[in-house]
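# Working through the structure, step by step
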Amino acid sequence: QVQLVESGGDMVQTGESLRLSCGASGGIVNRLVMAWFRQAPGKEREFVAAITWTGLTTKYAASAKGRFTISRYKDEPTMYLQMNSLRPEDTAVYYCAARTDVLVTTSNEYDYWGQGTQVTVSS
């Protein structure tokens, strides 16, 4: 079983940046597709970004394009989400998720989840 732990969430002001990390342990970490989802109070969990196990292919939600960058090194157990130009609407609990082999953007297809890290963006 893969265990995921997010870190890096904080309270920031509009326009500032944060870098989130997600580390995997406890099981196989090779060939893990990793992704970020977020959930704001009263809203459904939404896809943010994902990266293949090779680190060569990424996918972003429209809300993240141009502002967020997901990264990792091939087969390493840590991924990152660099978030720039943060807005109040980015406020949410950010979750990392993982599955093997194939990149998808739907949360119910991910097998492993972290506990979440809170990102709060104020004006």
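Summary of the structure given here. (Residues numbered from 1 in each chain as written. Predicted model: local features only at pLDDT ≥ 70, side-chain atom pairs only at ≥ 80, totals over all residues. Heavy atoms only, no water.)

## Some remarks on the pattern of salt bridges
Inspection of every chain in the model, using the stated rule, returns four salt bridges. With a closest N to O distance of 2.9 Å, R38 and D90 form a salt bridge. Linking R38 in strand β4 (residues 32-39) with D90 in the loop between β8 (78-83) and β9 (92-100), this pair joins segments that are 52 residues apart in sequence. On the basis of relative accessibility, which here comes to 5%, the residue R38 falls in the buried class. Since its relative accessible area comes to 1%, D90 is described here as buried. Here the salt bridges share partners, and the residues they tie into one network are R38, E46, R67 and D90. (Salt bridge = Lys/Arg side-chain N within 4 Å of Asp/Glu carboxyl O. Helix = DSSP H or I, 4+ residues; strand = E, 2+ residues; numbered from the N terminus. Buried < 20%, exposed > 50% of the residue type's maximum accessible area, 1.4 Å probe, protein only.)

## Considerations on unusual backbone geometry
Glycine aside, negative phi is the norm for most residues, and most peptide bonds take the trans geometry. At S85, a residue that is not glycine, the phi angle is positive and equals roughly 50 degrees. By the secondary structure assignment, S85 is in the loop between β8 and β9. Of the residues examined, S85 reaches a relative accessible area of 40% and is grouped as partly exposed. One non-glycine residue, D101, lies in the positive phi region at around 80 degrees. Mapping D101 onto the fold places it in the loop between β9 and β10 (112-113).

## A word on the environment of S7
One can find S7 in strand β1 (residues 3-7). Counting along the chain gives 109 residues from S7 to G116, while the straight-line C-alpha distance between them is 8.0 Å. Non-local contacts of S7, meaning those with residues more than four positions away in its chain, are made with R19, L20, S21 and T117. (Contact = heavy atoms within 4.5 Å.)

## Digging into the side chain of R99
Within the fold, R99 resides in strand β9. One buried charged side chain, R99, makes no salt bridge at all; its nearest oppositely charged neighbour is E109, positioned 4.4 Å away. Of the polar contacts made by the side chain of R99, one reaches the backbone oxygen of V102; its length is 2.7 Å. Those residues in contact with R99 that sit more than four places away from it in its chain are R31, L32, V33, V104, E109, Y110 and D111. (Lys, Arg positive; Asp, Glu negative; His and termini not counted. Polar contact = N/O pair within 3.5 Å; in protein donor to acceptor, adjacent residues only side chain to side chain.)

## Some remarks on the nonpolar core
Among the nonpolar cores identified, the biggest contains 29 residues, and L4, W36, L81, M83 and Y94 are the most heavily contacted of them. Only β3 (18-25), β4, β5 (46-51), β7 (68-72), β8, β9 and β11 (117-122) provide two or more residues apiece to this core. Apart from residues lying up to four places away in sequence, M83 is in contact with E16, S17, L18, L20, R67, F68, Y94 and V119. One finds A35, F37, A61 and V104 within the second-largest nonpolar core, a separate group that totals nine residues. (Core = buried A, V, L, I, M, F, W, Y, C linked by side-chain atoms within 4.5 Å.)

## Focus on the environment of E109
Relative to the helices and strands, E109 resides in the loop between β9 and β10. Through-space distance from the C-alpha of E109 to that of A98 is 9.1 Å; in sequence the pair is 11 residues apart.

## Here's the deal with the pairing of β7
Regular strands place side chains that alternate from one sheet face to the opposite one. The two faces of β7 differ: F68, I70 and R72 on one face are buried, but T69 and S71 on the other face are not. Bridging between β7 and β8 involves five bridges; their strand directions are antiparallel. Paired with R72 across the strands is M79, a residue of β8. (Pairing = 2+ DSSP bridges.)

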